[in-house]
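# Topology and contacts: notes
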Amino acid sequence: AHLFQTLLQRNRERRQRNLREYLNFERGIDLLQSAGPRTLEIMVAMGHVDPVERRCWARETSTDWWDRIVMQVWDESQWLRNFRMRKCTFMELCELLSPALKRQDTRMRAALTIQKRVAIALWKLATPDSYRSVANQFGVGKSTVGVAVMQVARAIVDLLLHKVVTLGDVQAIIDGFAAMGFPNCGGAIDGTHIPILGPEHQGGQYINRKGYFSMVLQALVDHKGRFTNINVGWPGKVHDARVFKNSGLFKRLQQGVYFPDHKITVGEVEMPTVILGDPAYPLMPWLMKPYTGALDTEKELFNYRLSKCRMVVECAFGRLKARWRSLLTRSDLSPKNIPIVIAACCVLHNLCEIKGETFMQGWEVEANRLAADYAQPDTRAIRRSQREAVRIREALKARFQTERVNH
């Protein structure tokens with residue numbers, strides 16, 4: 001009898017909770033940041049939708065909003081603002097992910113199509129909205145949003161990472177950097193910190209030099225700011241150079257197998273294809289970094305030419321986070337899931353760049369506002385350098401000076 005009473009009480013509480021959530025939804029609570037109701041109100045004002053339908057639409061907890069408004073009425077700018085891509089790119093993405101997402105169908109309600117799952121995931125990644133807000137938006141449960149985000153992120157990483165985050169045409173990259181002022185360069189490298197909630201175990205390892213919990217994303221980018229190699233998952237306390245030294249990229253560059261053998265002669269020195277880094281990286285025959293300390297005009301010129309090309313990686317991080325703003329606020333996912341989501345965002349960044357998706361004015365302003373809470377830590381400069389690397393950098397410095405004089 002006691003068990004029966006307990007079950008009755010739980011049912012009553014659940015009904016009351018559902019009623020409260022329903023009433024909150026009717027009042028528009030939790031939807032202040034989302035575009036759905038505002039879009040509908042605008043459409044009512046323009047005479048596209050009968051205002052009498054409003055209560056009925058809300059009662060159906062947004063299922064109609066996705067099926068009839070987003071899929072049938074939204075224009076390209078609404079797709080771009082909310083999903084960071086045009087509808088045609090979105091549909092292409094769904095097609096690419098369908099082999100992995102079809103296998104998950106049994107775990108999800110039949111009503112949740114692949115398109116809706118991908119839309120929920122992109123919406124969550126593109127906004128700093130809460131799970132509840134996104135759930136209300138799409139008329140699904142809060143836990144469904146979390147499941148959809150991880151299913152879609154895993155599908156992106158499993159099916160697309162090795163196809164989309166790849167070196168591609170090395171000669172085109174070398175030509176691109178040469179046009180920007182640096183010869184025989186195959187990429188620019190840097191690390192960025194993604195804020196996270198402090199993990200329960202070994203939390204101290206994740207506190208970076210700015211004092212907040214973070215995870216490091218290391219990326220190599222091409223001349224157009226597309227990711228060609230990523231490494232994600234190291235705790236925020238770890239120095240960029242250590243992340244780099246322990247990456248597969250370092251090993252392949254050290255073995256001389258990452259780039260095709262493409263050496264040039266600078267002065268009297270043979271120079272392999274190099275990547276460009278900031279002072280936090282070691283100077284290597286295949287990694288050029290700026291001069292530090294007292295600088296003469298020749299060293300300043302070298303630093304200027306290098307930094308002009310190295311800026312592409314900082315811009316790439318800026319665009320990545322401005323598109324996928326969830327990377328700017330503390331992720332509440334588990335430490336094992338966060339790298340999957342970050343990697344998925346890198347794939348989506350490349351897809352958007354390859355497809356020529358518009359990067360809207362205002363995204364950067366909003367990103368800078370969110371990023372202000374989590375400033376990027378400065379990394380200590382590394383002094384170590386190899387003699388061969390010093391000879392290559394000196395030869396480049398002399399060449400840049402000669403070119404300036406001759407111009």
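Procedures and definitions
Residue indices begin from 1 for each chain and proceed along its sequence in written order. At least 70 in pLDDT is required for a residue's local features to be given in this predicted model, at least 80 for side-chain atom pairs to be given and counted, and no such filter applies to totals for whole chains, interfaces and linings, which use all residues. Excluding hydrogens and water, the side-chain values take into account all heavy atoms of the structure. UniProt positions are given in the numbering used here, feature names are shortened, and annotations may be inferred rather than shown by experiment. By definition here, a salt bridge exists when the distance from a side-chain nitrogen of Lys or Arg to a carboxyl oxygen of Asp or Glu is within 4 Å. Numbered from the N terminus, helices here are DSSP runs of H or I no shorter than four residues, and strands are runs of E no shorter than two. In short, DSSP must find at least two bridges between two strands for them to pair. Here a Phe, Tyr or Trp ring, Trp counted by its six-membered ring, pairs with any other such ring whose centre lies within 6.5 Å, and the pair is stacked when the planes are under 30 degrees apart, edge-to-face when over 60, and tilted otherwise. Only protein chains enter the accessibility calculation, which uses a 1.4 Å probe; a residue whose area is less than 20% of its type maximum is buried, one above 50% is exposed, and one in between is partly exposed. Two thresholds decide whether a charge sits over a ring: the Lys NZ or Arg CZ must be within 6 Å of the ring centre and within 35 degrees of the ring normal. Throughout, the arc means that of the directions going from the helix axis to the C-beta atoms. Throughout, a contact is declared for two residues whenever any of their heavy atoms are within 4.5 Å. Counted as a polar contact is a pair of N or O atoms within 3.5 Å, where, for protein atoms, one must be capable of donating a hydrogen and the other of accepting one, and residues adjacent in sequence contribute only when both atoms are in side chains.

The name given to the protein in an unreviewed UniProt entry is Putative nuclease HARBI1, with Chelydra serpentina as the source organism. Under the Sequence similarities (unreviewed entry) heading, UniProt states for the protein: "Belongs to the HARBI1 family." Reading the Function (unreviewed entry) entry of the UniProt record for the protein gives the comment "Transposase-derived protein that may have nuclease activity. Does not have transposase activity."

### Observations regarding the pattern of salt bridges
In total, this model carries 15 salt bridges according to the counting rule given. Salt-bridge contacts for lysine 355 lead to glutamate 92; the nearest nitrogen and oxygen are separated by 2.6 Å. Separated by 263 residues along the polypeptide, lysine 355 in the loop between helix 14 (338–354) and helix 15 (363–371) and glutamate 92 in helix 6 (residues 87–102) bring together distant segments of the chain. Residues participating in the shared-partner salt-bridge network are Asp190, Arg310 and Glu314.

### What to know about the sheet that holds strand 6 (residues 274–276)
Strand order across the open sheet formed by five strands is 3-2-1-6-7, with mixed pairing between neighbours. Strands at the two margins of the open sheet, each flanked by one partner only, are strand 3 (227–235) and strand 7 (287–288). Here strand 1 (residues 185–195) pairs with strand 2 (residues 214–221) via eight bridges, running antiparallel. Opposite isoleucine 189, over in strand 2, you have leucine 220 as the bridge partner.

### Side note on the packing of aromatic side chains
Enumeration over the complete set of coordinates arrives at 26 aromatic pairs. Geometrically, the ring pair formed by phenylalanine 227 and phenylalanine 317 is tilted, given 6.2 Å between the ring centres and 35° between the ring planes. Taken as a pair, phenylalanine 227 in strand 3 and phenylalanine 317 in helix 13 (residues 297–323) lie far apart in primary sequence, 90 residues in all. In this structure phenylalanine 227 comes out as buried when scored by relative accessible area, which is 1%. In this structure an aromatic cluster arises from ring pairing among Trp65, Trp66, Trp74, Trp79, Phe83, Phe90, Trp123 and Phe138. Its end group placed over the ring of tryptophan 363, arginine 84 keeps NZ or CZ at 4.0 Å from the ring centre.

### A closer look at helix 10 (residues 170–180)
Inspection of helix 10 places Val170, Ile173, Ile174, Gly176 and Phe177 among the buried residues, and these make up the whole buried set. Down the axis of helix 10, the buried set is contained in an arc of 160°. They therefore lie on one face. Where the residues of helix 10 are buried, they touch strand 1, strand 2 and helix 13. With a side-chain oxygen lying 3.1 Å from the backbone nitrogen of glutamine 171, the N-terminal cap of helix 10 falls on aspartate 169. Positive phi appears at glycine 181, one or two residues downstream of helix 10, with a value of about 120°.

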